[in-house]
Amino acid sequence: MKEHRGRLTKDGIRIYEQDDFAGMHAAGALAAQILDDIAQHVFPGQSTGVLDGLITQMVEDAGATSATIGYKGYQHASCISVNHVVCHGIPGEKKLKDGDILNVDVTVIVDGWFGDTSRMYVAGKLPRKAERLIQVTYDALFKGIEMVKPGNMFGDIGHAIQAYVEAHRMSVVRDFCGHGLGQVFHAPPNVLHYGRPGTGAVLEEGMFFTIEPMVNLGRPETKTLADDWTAVTRDKSLSAQFEHSVGVTADGFDIFTLSPGGKFHPTY
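Note that the coordinates shown come from a computational prediction; the quantities given were computed from them, not determined experimentally.

### Details of the sheet that holds strand 14 (residues 231-233)
Logical step 1: Taken together, three strands build an open sheet; the order of strands is 5-14-13 and the sheet is antiparallel. Of all the strands in the sheet, just strand 5 (85-87) and strand 13 (222-224) have a single pairing partner and so form its edges. Put simply, the sheet's adjacent strands are angled 40 degrees from each other on average, direction ignored.
Logical step 2: Bridge count for strand 13 against strand 14 is three bridges, and the pairing is antiparallel. Opposite Thr 222, over in strand 14, you have Thr 233 as the bridge partner.

Rendered as structure tokens:
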């Protein structure tokens, strides 16, 4: 099978081939397009369950497969995490209120390749403190991505994110991380969003992985609710997240999940 192409590093990270980038671009573009298209449906009074139903239909209409439906028993095509929910929020009857912020996370499979991305949305008027949180999280993601090039280390990515976030008196969640992907949903490495420069595995051309920092206005600690999925901030502070899937190129990075409509940031 194709996932056995290339080679594994001593850290168990798969090195993909040059023509594999096209498959990742196709999957990533669909995931990003779905997140573009869902934006018009985010408004006060809308339910997260309706949003997930629309996303499910978009995946089906594209002839793709949802990576999350059936994954470890999960039954939805998206995770929708509102306000103090850090990640893995389960769509349902909850209706959005004016000023709510939410992360929508979608992963699709296109011709065997996984496209995984998430971004922030706002229902109605964006509160000032939430606006600051979203901006810092957005900028932190790209601080991390800027460190992606052969010869750098995964600790360089985490350090760039952590240093930026903490300089703005916010905190990086440590309980969840990015991950390798390609023709599998989750694979080595674990991409930490904190750390020391010059530590961790060395980046090599052909590595594919996500960078997806979760940033809290308060403390970094989280807890998982009784549903075994929903992770929330322990102190009930607001949380935000942005996620891109990237590949390491000969001289830098390639982002597979760029927004076709330039809508990755909710207020740009």
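The discussion continues.
### A word on helix 4 (residues 154-167)
Logical step 1: Helix length check: helix 4, at 14 residues, gives a terminal C-alpha distance of 20 Å against a target of 20 Å (1.5 Å per residue), a fit within 8%.
Logical step 2: For helix 4, the tally of buried residues reaches 10 of 14 residues, placing the bulk of the element in the interior.
Logical step 3: Packing partners of the buried residues in helix 4 comprise helix 3 (128-145), strand 8 (171-172), strand 10 (187-191), strand 11 (208-211) and strand 12 (214-216).
Logical step 4: One or two steps after helix 4, the chain reaches Arg 169, where phi turns positive at roughly 60 degrees.

### Describing the packing of aromatic side chains
Logical step 1: Applying the stated rule across the entire model yields 15 aromatic pairs.
Logical step 2: Measuring from centroid to centroid gives 4.6 Å for Tyr 16 and Phe 208, while their planes differ by 5 degrees, and the two rings are stacked. In this pair, Tyr 16 is assigned in the loop between strand 2 (14-15) and helix 1 (20-38) and Phe 208 in strand 11, connecting sequence segments 192 residues apart. For the pair formed by Tyr 16 and Phe 208, the shared burial category is buried.
Logical step 3: Ring geometry for Phe 114 versus Phe 185: centroids 5.7 Å apart, planes at 20 degrees, classification stacked. In this pair, Phe 114 is assigned in strand 7 (residues 113-122) and Phe 185 in the loop between strand 9 (178-180) and strand 10, connecting sequence segments 71 residues apart.
Logical step 4: You can call Phe 185 buried: its relative accessible area is 11%.

### Brief notes about the sheet that holds strand 12
Logical step 1: Spatial strand order, 8-12-15: three strands in an open sheet with antiparallel pairing. Each edge of the sheet is formed by a strand with only one pairing partner; in this case those strands are strand 8 and strand 15 (239-241).
Logical step 2: Alignment of strand 12 against strand 15, held across three bridges, turns out to be antiparallel. Across the sheet, Asn 216 pairs through a bridge with Ser 239, a residue of strand 15.
Logical step 3: Sheet contacts for helix 3: strand 12 and strand 15; angle to strand 15, the most-contacted strand, approximately 35 degrees.

### Examining the pattern of salt bridges
Logical step 1: By the definition in use, this model includes six salt bridges.
Logical step 2: Across the pair Arg 7 and Glu 204 runs a salt bridge whose closest N-O atoms are separated by 2.5 Å. Placement of Arg 7 in strand 1 (residues 7-8) and of Glu 204 in the loop between strand 10 and strand 11 is noted, with a sequence separation of 197 residues between them.
Logical step 3: Relative accessible area serves as the criterion here: at 45%, Arg 7 is assigned to the partly exposed category.
Logical step 4: Note on Glu 204: relative accessible area 26%, which makes it partly exposed.

### Describing the pairing of strand 6 (residues 101-110)
Logical step 1: Counting buried residues in strand 6 gives nine out of 10 residues, a clear majority hidden from the surface.
Logical step 2: The pairing of strand 3 (residues 65-66) with strand 6 spans two bridges and is classified as antiparallel. Bridge pairing in strand 6 links Thr 65 to Ile 109.
Logical step 3: Inspection of the sheet shows strand 4 (residues 78-82) paired to strand 6 by five bridges, in the antiparallel sense. When the bridges of strand 6 are listed, Ile 80 appears paired with Val 104.
Logical step 4: Examined bridge by bridge, strand 6 and strand 7 share 10 bridges and lie antiparallel to one another. Within strand 7, the residue paired with Leu 102 across the bridge is Tyr 121.
Logical step 5: Taking the residues that link successive antiparallel strands as the turn, the strand 6-strand 7 hairpin has two residues, and the phi of Asp 111 there is positive, at about 50 degrees.

Rules and cut-offs
- Residues numbered from 1 in each chain as written.
- Predicted model: local features only at pLDDT ≥ 70, side-chain atom pairs only at ≥ 80, totals over all residues.
- Heavy atoms only, no water.
- Pairing = 2+ DSSP bridges.
- Helix = DSSP H or I, 4+ residues; strand = E, 2+ residues; numbered from the N terminus.
- Axes fitted to C-alpha atoms, helices over the stretch in contact; angles between N-to-C directions.
- Expected span 1.5 Å × (residues − 1).
- Buried < 20%, exposed > 50% of the residue type's maximum accessible area, 1.4 Å probe, protein only.
- Contact = heavy atoms within 4.5 Å.
- Phe/Tyr/Trp six-rings, centres within 6.5 Å; stacked < 30°, edge-to-face > 60°.
- Salt bridge = Lys/Arg side-chain N within 4 Å of Asp/Glu carboxyl O.

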